Amino acid sequence: MKSDENLHTPARAPTASTPAKELELQNVLGRVVGAVHTSFADSDRANYGDLAPDVVVWPGSADEIVEVLRAARPAATRVAVSGAGTRARHRWPPPDGRLRIALDMQRLTNILRLDETSLLVQSQCGIQLRVLEEALRRESLTLGPLPDSVLGSTLGGLLADPTPLAYSPLAGALIDACLGVTVATPAGGLLETRVAPRRATGPDLTRLYLGAGGALGVLTDAVLRVRRLPEHQQAVLFLFPAPVAAVLCAREALARGIHPARFVVLGNERATKSLVGGAFGLPSGLAALLSGPEELVEVQRLLLEGIAREHGGSELPQQDADRWRTMHPDPVSRDRPRAHAFLPHGRVKAALPALAERAEERQLRLVVEQLDLQGSQVWIGTEGPEDDSLADLSGILEALGLRPRRARHGSALAERLRAQLDPAHVLLSPRWH
Amino acid sequence: MTNLAPRETAALAAALTSALSPARVSRGEAERLIYARDMWPRTLLALRDNRPLVAPPDFVVWPEQAREIAEVLRIAAEHHVAVVPWGAGSGVCGGAMTIRGGISLDLKRMSAVLEIDADDHLATFQAGILGQILEDQLNLRGLTLGHFPSSIYCSTLGGWLAARSAGQCSSRYGKIEDMVEELEVVLGDGQIVRCDAHEFPNLQQLIVGSEGTLGVITQATMRVHRLPETRIFRAYRFPRVAAGAEGIRRVMQRGLRPAVLRLYDELDSLIASLGDESGDQRTMLSSLLGLVIGGKSEEPAAPPGVRQEESRGKHLKRRLLKSMLSRAGLLNRFGELVLPHVAGGCLLIIGCEGTAALAETEAALAHAELLAAGGRDLGEGPGLRWFEHRHAVSYKQSPLYVAGGFVDTLEVATTWGRLLDLYTQVRRAISPLAIVMAHFSHAYPEGCSIYFTFSAAAEPRGRAERLYDDIWRRGLSAVVRAGATISHHHGVGFSKASFMADEHGHGIEIYRQLKQALDPHGVLNPGKMGL
């Protein structure tokens, strides 16, 4: 947060020892965003972790961001975008002798337009998703089923650095709901991609910037598809003798056209106890939140019931399903170390029993979620001693040949594009080192 | 880049032959003519007048592996010649034309089915595989891609991806860019790369739709589905386009995903009813129109260049058709005033498919929405007839050219809030010059595509191309003013290139930078896409 004392205190007064470059930058930034929204104060700069900026600016518009980038190029300055989470959490590239500007988006939080006919919302990227979702719900709309941990991100943060958590079989990935963006480019231009449901007019330039970690351009606002609040929802919960059966049941359901708002395989008893609040005698569970018109939900429920029986599953009473729905937590606690990897359906029988065994040995929760027809994400999380580390958990998955579908920011091809689009390397990103 | 001098030709021939093999490099006259153009209607006008529009390729080559393509691109850069990738040549925007000579790179010898994985619902094919063959191979295993463009018999997977194509069931299965899991691409500098759908930034979605200007797609892994257990069709009659469009919006925004959802405007509904023998679609007006432009030919057409005496009936029909086409503005105005009252309104067809219980429930829910929007139930007949003939319409355009007219299509898309304005503006822009009709399809919760078909007189000769260009200029200008996209699924190619700056704004500079990064020598399909 911007220190209150700096809301009205301009940048610190220059002294004889203030470097000339810094003075010049101070003047330029003060002209662009206003002195009151520019800070060299230590107390403000300390909020950005190892980014260690020389100055923090809080732009109030896309045009101001464009001007900041234009000012940065000749000054050989680097600019890093900061939303809610990047301030202290990420690991930034080490200092390289160039001045660093932290571009804090917290003034860009307006909902610009809500098109209820087309079910689209255009919002500035500094808005927290929870705030956006609350505003939509007041209009009986929603971004879709999203876990609580995702709602804490800013819109720009999620679009620049997507998480596999922002996905449901019903709504798809939130990043796929983005139909258009406005981007301040490193060259000092403003790109506004035309919004249409789909296009065939060359490369999808929106996709160039989504997931780029802020290294190719600064997302200033985005147009997202929204949904009407569900007409009807029903949770269902099944128990299975083994996690493989539960995953194969889920895959079959998807293949037959059942797309729940949420679909979770509780891979072991630890997960079942934690996420449903009880032990039921069978090690694995499958929880689904069906959503849509009531008639469709009912048909899906009956079909799912039949598929579960085919795979050796048995349905739990509605109160247990409702308890899971009420609790609705993240796959594992956000505060505890956790690791995830992609599990293709073709490897479920080979890899999942071994993973379940390791999870039991290490007292880990095992959850399978974000299922689609190609595979799913397996999540393991510790409830053990505090010295369990993320690297250790990832190692368990890697030993079984399981890896995340991770971004390849550093690929040679990505670097080639970056060199073309930002030859002066103005933009800094925690994802590109 | 222009056609080569003899010494340059010899050097290039030697290099290409060494890289591929003599049998897979051709400088034959016939090949050069065939590969000079795709199915862009403007080139048909030029051909009719015996005037080739463009410089034919200097060579046609048939690579069999990605590394051969890499070598061809290296040779092309060395000799400063263009390379134009070629699938089946059925594009309608001039994207595969060789406007600067060079090398036409035909992918059809790279057409293998590499792997079909029913567990992971993934299938990998080489890019030169024809669409129907791809679908047939999946069907053998109980699977489907769910992608059914009307050109499925004469288009390739690589061409689909290069143009961002859409199939008739896109409302359920998505467009081609939604289906691709991984690509193998040869970039302009010869580097062979793989692009995954899950990596960031998403380089795959830069290659898809780039129409051969950034790289040559050599193979693709696609997401596939189970074949549907059942298909349920139904049709409805709406009094006006607006009511039908509202019906589509209600269905899609309720969360339903029919495979097919098509609304024809009044004139298109009338034309669609020409093939209906059952009588419930037939009106006196459609019977009259059918006499003029529909129905089977009473005698076989003569081969090109051979004079044949026409029957009097056929001669009269042709004269009447030409007369109608040259009075397009008047006819359009007449249609707007009269058709809503005599032609029976707008036809909507819906098709739901999948697991039987789900498809039936979805169809019932859609039925309620469409009735609530003012639709009148017509039963399953029109939908079944559409399904039976769904690929045929593209092959029925020849009679218009023979009769002295031309026909083309303009497919655009926008959000629901702008859709009717788009429809009105494009019609208003084109209708003084051409008979225009439209259908709405490829529906989404946030919007829809409009597919305009227009036809005008192609005579007097010499003026036809000017008229054609004028129609397109007016039509696309109206699209841009309406805030819509200039292409939903046919692509840009050469025909719409001049509007790319309007479409993308500052983005066209970004596209040029991508081109510089991925095709630094500028050999790939130069002169296209407004670059």
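Residues numbered from 1 in each chain as written. Chains lettered and ligands numbered in written order. Predicted model: local features only at pLDDT ≥ 70, side-chain atom pairs only at ≥ 80, totals over all residues. Heavy atoms only, no water.

Draft legend 1. Layout of the overall build of chain A. A tally of regular secondary structure across chain A gives 14 helices and 21 strands. Of all 433 residues assigned to chain A, the portion counted as buried reaches 58%. Long-range pairs, those at least 24 residues apart, make up 72% of the contacts in chain A between residues at least 6 apart in sequence. Accessible surface computed for chain A: about 16400 Å², of which carbon and sulfur atoms make up 49%. (Helix = DSSP H or I, 4+ residues; strand = E, 2+ residues; numbered from the N terminus. Buried < 20%, exposed > 50% of the residue type's maximum accessible area, 1.4 Å probe, protein only. Contact = heavy atoms within 4.5 Å. Areas by Shrake-Rupley, 256 points an atom, 1.4 Å probe, with all protein chains shown as cover.)

Draft legend 2. Spotlight on the environment of Lys496(B). All names here are of chain B. Looking at the secondary structure, you find Lys496 in the loop between α19 (464–481) and α20 (500–504). The exposure class assigned to Lys496 is buried, which follows from its relative accessible area of 1%. Between the C-alpha atom of Lys496 and that of Gly530, which follows or precedes it by 34 residues, the distance is 8.0 Å.

Draft legend 3. The sheet that holds strand β5 (residues 111–115) of chain A, seen in detail. All names here are of chain A. The five strands are arranged β5-β6-β12-β10-β11 in an open sheet whose pairing can be described as antiparallel. Every interior strand has two partners, whereas the edge strands, β5 and β11 (190–192), have only one. Here the average twist between neighbouring strands, direction ignored, is 10 degrees. Bridge count between strand β10 (residues 178–184) and β11: three bridges; the pairing is antiparallel. By the bridge assignment, Val183 is partnered in β11 with Leu191. (Pairing = 2+ DSSP bridges. Axes fitted to C-alpha atoms, helices over the stretch in contact; angles between N-to-C directions.)

Draft legend 4. Main features of the packing of helix α1 (residues 20–33) of chain A against helix α3 (residues 62–72) of chain A. Residue and element names in this part refer to chain A. Put simply, α1 and α3 touch, their axes get as near as 9 Å, and they point 165 degrees apart. Our classification of the angle between α1 and α3 gives roughly antiparallel. You can see that α1 and α3 cross each other, and the crossing is right-handed. Every residue of α3 that contacts α1 at Val28, Leu29, Val32 and Val33 is listed here: Glu64, Glu67, Val68 and Ala71. Looking at the contact of α1 with α3 residue by residue, the classes come out as six nonpolar, no polar and two charged. (Parallel < 35°, antiparallel > 145°, perpendicular 65-115°, else oblique. Left-handed = near helix turned anticlockwise from the far one by under 90°. Nonpolar A, V, L, I, M, F, W, Y, C, P; charged D, E, K, R; others polar.)

Draft legend 5. Expanded view of the sheet that holds strand β10 (residues 215–223) of chain B. All names here are of chain B. With respect to topology, five strands assemble into an open sheet ordered β5-β6-β10-β8-β9, the strand pairing being antiparallel. The open sheet has two free edges, formed respectively by β5 (113–117) and β9 (192–196), since each of these has just one partner strand. Pairs of neighbouring strands in the sheet enclose a mean axial angle of 15 degrees, with direction left out of account. By the bridge criterion, four bridges tie β5 to strand β6 (residues 122–126) in an arrangement that is antiparallel. Residue Ile116 lies in a different strand from β6, and its bridge partner there is Ala123.

Draft legend 6. Region of interest: the nonpolar core. Of all hydrophobic cores here, the largest spans 134 residues; its most connected members are Leu161(B) and Met222(B). Among residues more than four places away in sequence, those in contact with Leu161(B) are Ile176(B), Val180(B), Leu183(B), Val208(B), Gly209(B), Ile217(B), Ala220(B) and Met222(B). (Core = buried A, V, L, I, M, F, W, Y, C linked by side-chain atoms within 4.5 Å.)

Draft legend 7. Region of the structure containing the interface of chain A and chain B. At the interface, 65 residues of chain A touch 79 residues of chain B. Both sides of the chain A and chain B interface together cover about 5900 Å² of buried area, and 59% of this is carbon and sulfur. Taken as a group, Arg194(A), Arg198(A) and Arg416(A) account for 13% of the area that chain A buries against chain B, more than any other trio of residues on that side. Among the ionic pairs, Arg199(A) bridges to Glu503(B), the shortest N-O distance being 3.1 Å. Of all the secondary-structure elements, those providing two or more residues to the side of chain A that touches chain B are β11, α7 (205–209), α8 (243–255), α10 (294–310) and α14 (412–421) of chain A. When residues in the side of chain A that touches chain B are grouped by element, the largest group, six residues, is from α14(A). (Buried area = accessible area lost by both parts, 1.4 Å probe. Salt bridge = Lys/Arg side-chain N within 4 Å of Asp/Glu carboxyl O.)

Draft legend 8. Representation of α3(A). Burial of α3(A) is extensive: eight of the eleven residues sit out of reach of the surface. Every buried residue belonging to α3(A) is among Ala62(A), Glu64(A), Ile65(A), Val66(A), Val68(A), Leu69(A), Ala71(A) and Ala72(A), and all of these are buried.

Draft legend 9. Focus on the packing of aromatic side chains. Residue and element names in this part refer to chain B. Applying the stated criterion across every chain yields a total of eleven aromatic pairs over all chains. Ring geometry for Phe406 and Tyr468: centres 5.5 Å apart, planes at 65 degrees, overall edge-to-face. Of this pair, Phe406 sits in strand β16 (residues 405–415) while Tyr468 sits in helix α19, placing them 62 residues apart in sequence. Comparing Phe406 with Tyr468, the two get one shared label, buried. With a centroid separation of 5.3 Å and 50 degrees between ring planes, the pair formed by Tyr423 and Phe440 is classed as tilted. Of this pair, Tyr423 sits in helix α18 (residues 416–430) while Phe440 sits in strand β17 (residues 435–441), placing them 17 residues apart in sequence. Here Tyr423 falls in the buried class, since its relative accessible area comes to 9%. Given the relative accessible area of 1%, Phe440 is considered buried. Following the ring pairs from residue to residue traces out a cluster consisting of Phe406, Phe454, Tyr468 and Trp472. Positioned above the aromatic ring of Tyr173, the side-chain terminus of Arg172 is 6.0 Å from the ring centre. The ring of Phe387 has Arg390 lying over it, and the distance from NZ or CZ to the ring centre is 3.9 Å. (Phe/Tyr/Trp six-rings, centres within 6.5 Å; stacked < 30°, edge-to-face > 60°. Lys NZ or Arg CZ within 6 Å of the ring centre and 35° of its normal.)

Draft legend 10. A look at unusual backbone geometry. With an omega of -10 degrees, the peptide bond running from Phe200(B) to Pro201(B) counts as cis. Tracing the sequence through the fold places Pro201(B) in the loop between β9 and α9 (204–207). Of note, the phi angle at Ser140(A) is positive, near 60 degrees, even though the residue is not glycine. In this fold, Ser140(A) is placed in the loop between α4 (129–137) and β7 (141–142). Its identity is not glycine, yet His121(B) carries a phi of approximately 55 degrees, on the positive side. Looking at the secondary structure, you find His121(B) in the loop between β5 and β6.

Draft legend 11. Focus on the confidence of the model for chain B. Residues and elements named next belong to chain B. When pLDDT is averaged along chain B, the result is 89, and 90% of the positions lie at 70 or above. A low-confidence stretch, residues 277–287 (pLDDT under 50), is modelled with 23 contacts involving residues beyond four sequence positions or located in other chains. Every residue in residues 292–299 is under pLDDT 50, and counting partners more than four places away or in other chains gives 16 contacts. Interface confidence in the predicted complex, given as ipTM, is 0.92; pTM for the same model is 0.93. (pLDDT = per-residue confidence, 0-100.)

Draft legend 12. Spotlight on the side chain of Arg24(B). All names here are of chain B. Along the chain, Arg24 falls in the loop between α1 (6–19) and β1 (25–26). Among the polar contacts made by the side chain of Arg24, one reaches the main-chain carbonyl oxygen of Leu20 at a distance of 3.4 Å. Residue contacts for Arg24: discarding those within four places in its chain leaves Val60, Val61, Trp62, Pro63, Glu64, Glu68 and Arg109. (Polar contact = N/O pair within 3.5 Å; in protein donor to acceptor, adjacent residues only side chain to side chain.)

Draft legend 13. Quick look at the packing of α8(A) against helix α12 (residues 348–361) of chain A. All names here are of chain A. Between α8 and α12, the shortest axis-to-axis distance is 9 Å and the interhelical angle comes to 135 degrees. Between α8 and α12, the angle is such that the two are oblique. In the packing of α8 onto α12, the handedness of the crossing is right-handed. Across from Pro243, Val244, Val247 and Leu248 in α8, the residues of α12 making contact are Val348, Lys349, Leu352, Pro353 and Ala356.

Draft legend 14. Focus on the pattern of salt bridges. Under the definition given, this model contains 51 salt bridges over all chains. Between Arg234(B) and Asp377(B) there is a salt bridge, with its nearest N and O atoms 2.9 Å apart. Taken as a pair, Arg234(B) in strand β12 (residues 230–238) and Asp377(B) in strand β15 (residues 376–379) lie far apart in primary sequence, 143 residues in all. Given the relative accessible area of 31%, Asp377(B) is considered partly exposed. If you follow the salt bridges from partner to partner, you end up with Arg198(A), Arg164(B), Lys175(B), Glu177(B) and Asp178(B) in one network.

Draft legend 15. Inspection of helix α9 (residues 269–276) of chain A at higher detail. Residues and elements named next belong to chain A. Among all positions in α9, only Ala271, Thr272, Leu275 and Val276 are buried. Each buried residue of α9 sits inside an arc of 100 degrees when the element is viewed along its axis, so together they form one side. Buried-residue contacts for α9 involve β14 (232–240), β15 (262–266), β16 (284–292), α11 (318–327) and β19 (364–369). Positioned one or two residues after α9, Gly277 has a phi angle of 85 degrees, which is positive. (Arc of directions from axis to C-beta.)

Draft legend 16. Seen up close, the pairing of β9(B). All names here are of chain B. Taken together, the five bridges between strand β8 (residues 180–187) and β9 define a ladder with antiparallel strand orientation. Bridge assignment links Val185 to a residue of β9, and that residue is Val193. What sits between β8 and β9 in their antiparallel hairpin is a turn of four residues, with Gly190 showing a positive phi close to 95 degrees.

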